[in-house]
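If you want the building blocks of each chain, they are given just below.
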Amino acid sequence: LNDKNIVSQMAKEGMDEATKKFIETLSEESQQNNIGFIDLHIISKKTKKPIPTMEDTIKKLKAAGFTAARTHFSPYAIKTNATARQITQLSVAHQ
């Protein structure tokens, strides 16, 4: 997963759309040098505030100078160098 060369090689092989999307997620995730992940639903539950969509959250994080990518193992988790508090603050500021 964290070997960018292996993920790049896998992306060159012929595949269906679902597999291609999965490999793209792996590729983006493999470029993150962060340990762990943040589950957006857990943030929402703890803060009792809605979190924007995954796409909007990632765009806002990147626009703010953070790194961010979906994880391959959860549709609600991202790898980022932002803290849960920073994600919450960005989400509230952009509503």
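Throughout what follows, the structure given in this document is the object of discussion. (Residues numbered from 1 in each chain as written. Predicted model: local features only at pLDDT ≥ 70, side-chain atom pairs only at ≥ 80, totals over all residues. Heavy atoms only, no water.)

### Digging into the overall build of the chain
Tallying secondary structure elements over the chain gives five helices and three strands in all. Written out in order from the N terminus, the α and β elements of the chain read α-α-β-α-α-β-β-α. For the chain, with 95 residues in total, the buried portion stands at 35%. Contacts in the chain between residues at least 24 apart in sequence constitute 56% of all its contacts with a sequence separation of at least 6. (Helix = DSSP H or I, 4+ residues; strand = E, 2+ residues; numbered from the N terminus. Buried < 20%, exposed > 50% of the residue type's maximum accessible area, 1.4 Å probe, protein only. Contact = heavy atoms within 4.5 Å.)

### Quick look at the nonpolar core
Counting residues in each nonpolar core, the largest one holds 13 residues, and the members touching the most others are Leu40, Ile43, Leu61, Ile78 and Ile87. For this core, the elements supplying multiple residues, two or more each, are helix H3 (40-47), helix H4 (54-63) and helix H5 (84-93). Considering every element that reaches this core, the biggest residue donor is H4, with three residues. Not counting residues within four places of it along the chain, the set of residues in contact with Ile87 comprises Ile38, Leu40, Ile43, Thr57, Leu61, Ile78, Thr80 and Ala82. (Core = buried A, V, L, I, M, F, W, Y, C linked by side-chain atoms within 4.5 Å.)

### A short note on the sheet that holds strand E1 (residues 38-39)
Across the sheet, which stays open at both edges, the three strands sit in the order E1-E3-E2 with antiparallel pairing between neighbours. The sheet terminates laterally at E1 and strand E2 (68-70), the two strands that pair on one side only. Bridging between E2 and strand E3 (residues 77-80) involves three bridges; their strand directions are antiparallel. Bridge pairing in E3 places Ala68 opposite Thr80. Along the sheet, H4 contacts E2 and E3; its crossing angle with E2, the most-contacted strand, is approximately 160°. (Pairing = 2+ DSSP bridges. Axes fitted to C-alpha atoms, helices over the stretch in contact; angles between N-to-C directions.)

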